[in-house]
Amino acid sequence: MNTSEKLSPDLFKPAQLDSSEGEQIRKESVSYWQDVIRRFRTNIGAIVGLSIIILFIVMSFVGPYMNSYDISTQNYDIQNLESFSGDHYFGTDKFGRDLWTRAWYGAKISLLIAFLAAFLDVTIGVTYGGVSGYYGGRVDNIMQRFLEILYSIPNLIIIILMLLVFEPGIIPIALALSITGWVPMARIVRAQMMKLKSQEYVLAARTLGASTYRIMTKHLIPNVMGPIIVAVTFAIPSAIFFEAFLSFIGLGLRPPGASLGVLLNDGNKLLQIYPYQLFWPALIISLIMLSFNLLGDGLRDALDPKMRK
Amino acid sequence: MTKVLDVKDLHVSFNTFNGEVQAVRGVTFDVTKGETVAIVGESGCGKSVTSQTIMRLIPNPPGFIKEGQIVFEGQDLAQYSEKQMEKVRGNDIAMIFQDPMTSLNPTMTVGRQITEGLIQHQNMSKQEAHEKAIEMLRLVGIPSPESRIKQYPHQFSGGMRQRAMIAIALACQPKLLIADEPTTALDVTIQAQIIDLMKDLQNKIDTSIILITHDLGVVADIADRVVVMYAGKVIETGKLDEIFYQPKHPYTWGLLASMPRLDQDDNTELLPIPGSPPNLLNPPPGCPFAARCPHAMKVCTEQMPETTEVSTTHQVACWLDHPLAPDVKPPAGAVRGE
Amino acid sequence: MLKYTLKRLSYMVVTLWIIATVTFFLMHLLPGTPLKNEEKLPEHIKEQIMEKYGLNDPLPVQYLNFMGGLVQGDLGASYTQDGREVSGMIAEGFPVSAFIGGQAVVFGSIVGLLLGLIAALKRGTWMDNLSTMIAVFGISIPNFVLGALLAYFVGVKWGILPVALWESYASSIMPSFALALVVVAIISRYIRTEMVEVLDAEYMKTAKAKGLPRRTVVFRHALRNALIPAITILGPLTVNIITGSLVIEQIFALPGIGEYFVKSIVNNDYTMITGITIFYSILIVSVIFIVDILYGIIDPRIRLSGAKE
């Protein structure tokens, strides 16, 4: 108690303190989406992925016009030219077609199919899952039985059967991919709907007089948006994979059409002699899939901090 | 009286994204043989961190012991290696956790969860451990232990699971049992049973207990001594009677006044303590309770009061105990009638 | 449990019946006759063949014959392979496919398990990041791209392993490796997620507080609980392996079912397509069924609560 002698008596006068001071929130409040953007920005992989995706989308439009060739003109004088021969940056194929032009055009077609399939997935999935979750009860029960059966049929088989029946093309391939692709989306939406219905905070919001519209816009949409965005980001590389896969087993686009799958299949046939014909489309497809996966990982972490461990 | 545990000036911090959180800031207390010490305080006051630090269960990183000693039977556990700690945990010091629903491994039989500690520490054969486990289950009051031992936790009710947890903890007859809010997750009727069980077993196997709780009713029921913590510091400590009948710290008054009592009129209101504890990322230089204290003085916000002795067993850290301070009486609701 | 098993079993039968029916009718909806490749055949021989395959019967009769055969394991005769029995060809090709796929699953599971385990135990370190990177690459690089590149570099350029055909054990290494990468990726991710969740569980603290050595805590308490949900990936994994085998067997010219299937698609061999489709469906649906039942047996929470009902 040596220090106590040095203390002056007026230190012992009552202090006027506001007890609520401790409850002030010192940090500026950030909205959910601001927080998402902040978390997303710190993820280098996701930023790189997004940049590559943007670059490739731009290139898929600009690339084919960067030299003077088109995708289908055959020229038997310049068959199987090596890469970087003049302005044939990626060389030419066995028909003398310019591979640079075909690669970027093919990337565009592949991306188009993937985006179309993802769009169909979301549209069908959100509608089906929303209706099923919103009505619940008997409607939900019947809709879920149907979903279960559809879910247990391997998508690979449905896709192959569909394309045997329909002539392969951009729209048939996208349609075939989304025949099963919408199911996970519907599940996500339904699960969120159901969860939301039973959630205490929704009950609390209702008790406080929030309208259905407000509950939908303030609670349902933010909750369901995240998982949907993430699911779409992962659905795109999967669609790109399947498009290429279908070309490989003979169900791809018909010539002279080009997609990454068609180019890979053509390249594979001449792999032992002209490996570069496979190399460029392989690099492009791998980078696109990698970028979407990195972006998806980043989005998932940013949108759902609980998942981040 | 021999000291089983002597915690001296313990500091525990966590490195977080925002900086160092000083969860425990100089905690000192001891536990003697056969004694029950209750650590009370509100959520986030550092009581659970203190208890887990004694067991060295704080994940490192991010948590670490910054300073201080944890002397258990003459050895400083703060300096122990992980290997050395493995011999202490479960054998000399055991722990019961708050939520019996999640604290048991769902895919392992209750019996195996009891026997594995015995086999680990006591060199028992499987058969011996099995018999001991049945005995333990019987001891904690689980009917037909022979069949229960083969069951999985989900086949037990909440109260039974906590009994099983106690059986696991006491299987090796530890010298010290740390119970971290053992009754918080249970129904009120079950709470009383568990507390009675702990008291009963303490007599049978002569264990010291550290009870972490925010429930003063439980404290009154079982504790010999009480340590009151606030914002990572011990602000008052004393025998049960001293804390309940002669509380010195305004925070202890607040705690007592916010607890319902049988001898009160029905219309006496419970007094909540306004405000909330300080942020331990950046703790205030003075008394952490000053901002919420109705008797705060200028000095309270500037300097941390030293611990003064009210009696040999009763210490408090409050400027009101200083000779220069005005004489403040505890509010009527806080003092127990003799 | 028995009730549940029977319920699942009936679901499985219904699913397979739907797949078989849909496949049958789709194949008969296809434009042209199954013999359209053989247009140069004289009319009377065509007629003879149509008679032999029962193609002149009314569709319902054909359907009943087909279903009757299916129940007895008779999938009919191939249109193109000199009338060989489809079931016989499947029996011939399956061991090759199963060996390649099985080897990929075993190798991929072991590596994936180790990677996932290390990543979860060393969360946030470079080892975690490396394992995540391997997983992202494994998912992003299409297996046919990897297969083709392996075939070119390891097989053609460096000549370390045989590129094609099914001659010795060495022939199986590259195809299995190409298939295994995805397995590694899927398993390591899944194990990491499950392990991280289990390691954060309260009961891990209990196990540690008992004074068990870290090794015991990790293997006896954590890994066991992480592996139980992990068996559910066997279903998707099987689909993945089958999908992959279709292209990998092509690239490495292996005489497996995948190769037959792709050939039958190119040749419009409808009985063969139908047969292999059904075979794949049975395989996938059975694996999902077995996993479901196995899950109930392994997890005491499901096993015991199921038994009470």
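All values reported here derive from a predicted model rather than from experimental measurement.

Thoughts on the overall build of chain C
Part 1: The helix and strand tally for chain C stands at 13 helices and zero strands.
Part 2: Starting at the N terminus, the α and β elements of chain C follow one another as α-α-α-α-α-α-α-α-α-α-α-α-α.
Part 3: By its C-alpha atoms, chain C is 85 × 60 × 30 Å across when sized along the principal axes.
Part 4: Taking all 309 residues of chain C together, 43% fall into the buried category.
Part 5: Contacts in chain C between residues far apart in sequence, at least 24 positions, make up 74% of those at least 6 positions apart.

Observations regarding the overall build of chain B
Part 1: Regarding its fold elements, chain B presents eleven helices and twelve strands.
Part 2: Structurally, chain B occupies a C-alpha span of about 70 × 50 × 40 Å along its principal axes.
Part 3: Taken over 338 residues, chain B has a buried fraction of 48%.
Part 4: Considering only contacts within chain B whose residues lie at least 6 apart along the sequence, 65% involve residues at least 24 apart.

Concerning the domain arrangement of chain C
Residues and elements named next belong to chain C.
Part 1: Assigned domains within chain C: domain 1 (1–80 + 267–309) and domain 2 (93–255).
Part 2: The C-alpha-based centres of domain 1 and domain 2 are spaced at 30 Å.
Part 3: In this assembly, ten residues from domain 1 lie in contact with eight residues from domain 2.
Part 4: Considered class by class, the residues forming the side of domain 1 that touches domain 2 number nine nonpolar, no polar and one charged.

Here's the deal with the packing of helix α5 (residues 155–165) of chain A against helix α1 (residues 2–29) of chain C
Part 1: Look at α5(A) against α1(C): their axes get within 9 Å of each other, and the N-to-C directions meet at 15°. Classified by the angle their axes make, α5(A) and α1(C) are roughly parallel. Our pair here, α5(A) against α1(C), has a crossing hand that is left-handed. Residues I157(A), L161(A), L164(A) and V165(A) of α5(A) touch α1(C), and the partners they reach there are I19(C), T23(C), L26(C) and L29(C).

What about the packing of helix α2 (residues 44–62) of chain A against helix α10 (residues 276–303) of chain A?
All names here are of chain A.
Part 1: Packing of α2 against α10 leaves a shortest axis separation of 7 Å and a crossing angle of 135°. Taken together, the axes of α2 and α10 lie oblique to each other. In this structure, α2 crosses over α10, and the sense of that crossing is left-handed. In this structure, α2 contributes G45, A46, V48, G49, L50, I52, I53 and F56 to the contact, and α10 contributes L287, I288, S291, F292, L294, L295, D297, G298 and L299.
Part 2: In terms of residue class, the contact of α2 with α10 is built from twelve nonpolar, four polar and one charged.

Examining the domain arrangement of chain B
A common measure of how large an interface is: the accessible area buried when the components associate.
Residue and element names in this part refer to chain B.
Part 1: One can read the domain layout of chain B as domain 1 (3–223) and domain 2 (230–321).
Part 2: Put simply, the middle of domain 1 and the middle of domain 2, counted by C-alpha atoms, are 27 Å apart.
Part 3: With 20 residues of domain 1 at the contact, the number on the domain 2 side is 15 residues.
Part 4: For the side of domain 1 that touches domain 2, the secondary structure elements donating two or more residues are β2 (19–32) and α8 (216–222).
Part 5: Ranked by the residues each element gives to the side of domain 1 that touches domain 2, the list is headed by β2, at ten residues.
Part 6: Among the residues forming the side of domain 1 that touches domain 2, the class breakdown is ten nonpolar, eight polar and two charged.

Here we look at helix α8 (residues 202–209) of chain C
Part 1: With six of eight residues buried, α8(C) is to be regarded as a mostly interior element.
Part 2: Along α8(C), the residues that are buried comprise Y203(C), K205(C), T206(C), A207(C), K208(C) and A209(C).
Part 3: Residues of α8(C) that are buried in the fold lie against β6 (93–96) of chain B together with α9 (214–230) of chain C.
Part 4: Remark: G211(C) follows α8(C) within two positions and exhibits a positive phi of approximately 85°.

A closer look at the interface of chain B and chain C
Part 1: Contacts between the two partners involve 26 residues from chain B, matched on the other side by 20 residues from chain C.
Part 2: Broken down by secondary-structure element, the contributors of at least two residues to the side of chain B that touches chain C are α2 (82–88), β6 and α3 (110–122) of chain B.
Part 3: In terms of residues, the side of chain B that touches chain C owes the most to one element, α3(B), which gives four residues.
Part 4: A class-by-class count of the residues in the side of chain B that touches chain C yields ten nonpolar, eleven polar and five charged.

Rules and cut-offs
Residues numbered from 1 in each chain as written. Chains lettered and ligands numbered in written order. Predicted model: local features only at pLDDT ≥ 70, side-chain atom pairs only at ≥ 80, totals over all residues. Helix = DSSP H or I, 4+ residues; strand = E, 2+ residues; numbered from the N terminus. Buried ≥ 20, exposed ≤ 12 C-beta atoms within 10 Å, placed from the backbone. Contact = placed C-beta atoms within 7 Å. Domains from an automatic or database assignment. Nonpolar A, V, L, I, M, F, W, Y, C, P; charged D, E, K, R; others polar. Axes fitted to C-alpha atoms, helices over the stretch in contact; angles between N-to-C directions. Parallel < 35°, antiparallel > 145°, perpendicular 65-115°, else oblique. Left-handed = near helix turned anticlockwise from the far one by under 90°.

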